[in-house]
Amino acid sequence: MENNKNALPLMVTIRCTAYNQEPYIRDCLEGFVMQKTNFRFEAIVHDDASTDRTAAIIKEYAEKYPDIIKPIFETENQYSKHDGSLRKIMNEHMHGKYIAECEGDDYWIDPLKLQKQVDFMEGHPDFSICGTNGLILWEEQAQRPNYFNSEIQSKEISFKEVTSKWFFPTAGLLYKREIIDKYPNWTNKIYSGDLTLVLIAAYYGKIYYFRDYTCVYRKGLKESASAIADKNRLYVLKQHRMLYTYYAEFTNGKYAQELAVILSRINNQISYLELKSKNYLITWLKHPLRMFKEDIIRKLFYKTLGREKTHMLFH
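Reference entry: report on the structure contained in this document. No experiment lies behind these values; they were computed from the predicted model shown. (Residues numbered from 1 in each chain as written. Predicted model: local features only at pLDDT ≥ 70, side-chain atom pairs only at ≥ 80, totals over all residues. Heavy atoms only, no water.)

Focus on the environment of Tyr244
- One can find Tyr244 in helix 10 (residues 233-251).
- Each C-alpha atom of the pair Tyr244 and Leu199 lies 9.3 Å from the other, and the pair is 45 residues apart in sequence.
- Leaving out residues up to four positions away in the same chain, Tyr244 has contacts with Thr163, Leu195, Leu199, Leu259, Ile262, Leu263 and Ile266. (Helix = DSSP H or I, 4+ residues; strand = E, 2+ residues; numbered from the N terminus. Contact = heavy atoms within 4.5 Å.)

Observations regarding the packing of helix 8 (residues 193-204) against helix 10
- It is at 11 Å that the axes of helix 8 and helix 10 come closest, and there the two elements cross at 15°. The orientation of helix 8 relative to helix 10 falls into the category roughly parallel. At the point where helix 8 passes helix 10, the crossing takes the right-handed sense. Along its contact with helix 8, which presents Leu195, Thr196, Leu199, Ile200, Ala202, Tyr203 and Tyr204, the element helix 10 presents His240, Leu243, Tyr244, Tyr247, Phe250 and Thr251.
- Taken together, the residues of the contact of helix 8 with helix 10 sort by class into 10 nonpolar, three polar and no charged. (Axes fitted to C-alpha atoms, helices over the stretch in contact; angles between N-to-C directions. Parallel < 35°, antiparallel > 145°, perpendicular 65-115°, else oblique. Left-handed = near helix turned anticlockwise from the far one by under 90°. Nonpolar A, V, L, I, M, F, W, Y, C, P; charged D, E, K, R; others polar.)

Some remarks on the nonpolar core
- By size, the foremost hydrophobic cluster in this structure holds 41 residues, and its most contacted members are Ile129, Phe168, Leu199, Ile207, Tyr244 and Tyr247.
- Those elements that place two or more of their residues in this core are helix 4 (85-91), helix 6 (159-164), strand 9 (173-176), helix 7 (178-181), helix 8, strand 10 (206-219), helix 10 and helix 11 (256-286).
- For this core, the leading source of residues is helix 8, giving seven residues.
- Residues in contact with Ile129, not counting those within four places in the same chain, are Met121, Leu173, Leu174, Tyr175, Leu197, Val198, Ala201, Lys206, Ile207 and Tyr208. (Core = buried A, V, L, I, M, F, W, Y, C linked by side-chain atoms within 4.5 Å. Buried < 20%, exposed > 50% of the residue type's maximum accessible area, 1.4 Å probe, protein only.)

Quick look at the packing of aromatic side chains
- Inspection of the entire model under this criterion finds 22 aromatic pairs.
- Residues Phe127 and Tyr208 carry aromatic rings whose centres are separated by 5.9 Å and whose planes lie at 85° to one another, so their mutual orientation is edge-to-face. Linking Phe127 in strand 6 (residues 127-138) with Tyr208 in strand 10, this pair joins segments that are 81 residues apart in sequence.
- Residue classification places Phe127 among the buried residues on the basis of a relative accessible area of 6%.
- The exposure class of Tyr208 is buried, given its relative accessible area of 16%.
- Among the aromatic side chains, those forming a connected cluster through ring pairs are Phe159, Trp186, Tyr203, Tyr204, Tyr246, Tyr247, Phe250 and Tyr255.
- Lying over the aromatic face of Trp108, Lys113 brings its terminal NZ or CZ to 4.4 Å of the ring centre. (Phe/Tyr/Trp six-rings, centres within 6.5 Å; stacked < 30°, edge-to-face > 60°. Lys NZ or Arg CZ within 6 Å of the ring centre and 35° of its normal.)

Side note on the pairing of strand 6
- Across the 12 residues that make up strand 6, a large majority, nine, are buried.
- As paired elements, strand 6 and strand 10 share 10 bridges and run parallel to each other. Among the inter-strand pairings, Thr132 is bridged to a residue of strand 10, identified as Phe210.
- The sheet contact formed by strand 6 and strand 9 spans three bridges and is antiparallel. Looking at strand 9, one finds that Ile129 is bridged to Tyr175.
- Judged from the two bridges that link them, strand 6 and strand 7 (residues 146-147) form a sheet pairing that is antiparallel. Pairing of Ile136 across the sheet is with Asn146, part of strand 7. (Pairing = 2+ DSSP bridges.)

Brief notes about the packing of helix 2 (residues 25-33) against helix 3 (residues 54-64)
- Viewed as axis vectors pointing N to C, helix 2 and helix 3 meet at an angle of 25°, and their least axial separation amounts to 10 Å. What the angle tells us is that helix 2 and helix 3 run roughly parallel. You can see that helix 2 and helix 3 cross each other, and the crossing is right-handed. The residues of helix 3 that touch helix 2, namely those facing Ile25, Arg26, Leu29 and Glu30, are Thr54, Ile57, Ile58, Glu60 and Tyr61.
- Here the residues of the contact of helix 2 with helix 3 are counted per class, giving five nonpolar, one polar and three charged.

Quick word on helix 3
- The set of residues buried in helix 3 consists of Thr54, Ile57, Ile58, Tyr61 and Ala62. Buried positions in helix 3, seen along its axis, are confined to an arc of 140° and lie on one side of it. Exposed residues pointing more than 90 degrees away from the buried face of helix 3 are listed as Glu63 and Lys64.
- Here the buried face of helix 3 lies against strand 1 (10-18), helix 2, strand 2 (40-47) and strand 3 (69-73). (Arc of directions from axis to C-beta.)

Observations concerning the state of the cysteines
- Evaluation of the coordinates by the stated rule reveals zero disulfides.
- Sulfur of Cys16: no disulfide; nearest cysteine sulfur belongs to Cys28 and is 3.8 Å away. (Disulfide = S-S within 2.5 Å.)

Focus: the side chain of Asp106
- Checked against the element boundaries, Asp106 lands in the loop between strand 4 (98-101) and strand 5 (107-108).
- No salt bridge is formed by the buried Asp106; the nearest opposite charge belongs to Arg218, separated by 5.6 Å.
- Polar side-chain contacts of Asp106 include one of 3.0 Å to the backbone nitrogen of Arg218.
- Other than its neighbours up to four places away in sequence, Asp106 contacts Cys28, Ala171, Val216, Tyr217 and Arg218. (Lys, Arg positive; Asp, Glu negative; His and termini not counted. Salt bridge = Lys/Arg side-chain N within 4 Å of Asp/Glu carboxyl O. Polar contact = N/O pair within 3.5 Å; in protein donor to acceptor, adjacent residues only side chain to side chain.)

Structure below.
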């Protein structure tokens, strides 16, 4: 069966990036190799110069499953460049008709995940992307896994739903390969890569949601991007404002009314948080027991925010 499958056209390329995920990468790779399909698929697993045993484990699986696991080993970290280098490297290796996402600290739990999604996409060519439900696994916490999404019905997702509620764990997404060829350059500046992906896909086709729980999203990892974002709500809001501003230009008025409402809401939230932060700072400075004087605090803020932003903060 495997020999026959190797002669088939490549249907899915799995896009997997990993960095210092030694405790989790085995679960991720096992989720790939357990997939049961009637088509050929591969997993491009990119190790971004890990300093632990992540690369060694990837190599082990590549040697055991050479037809599935296709590794890329970096000697220099690409993500930290923030110039699109990582995306460019990965895009050059995406050869399947569809691309499935799964980062190195997440994993799949349904051996029919790819088959279900490809069957749907093949039967519905007007859809550009689909995603499944999943479970959230809280690391280092005595908390039971819970559902990523409470939506119990598989269905088409509207643009309004995409922008008001996040339906998909990243590891649940599968989309047409041609989407990545249409990515504008401004996407390199955006933190939220999964939301950006779904929005761009929405411009070119429909979106479908599967109620099936096919994957596990780990939350609470100390050094993960989501953990860092959770601690900085203002940063995330400003990133979303940038994303939707660029997206409004990109779509050339297709969702003008919806995007105007979204940007207005985000701006209000940003204004509220900035005012709240300013009030906290003023209260802190005026406290009678405060040891530092305002001019010393100003100098500290000059170094991090710059003179203009510091002046706005204090007046």
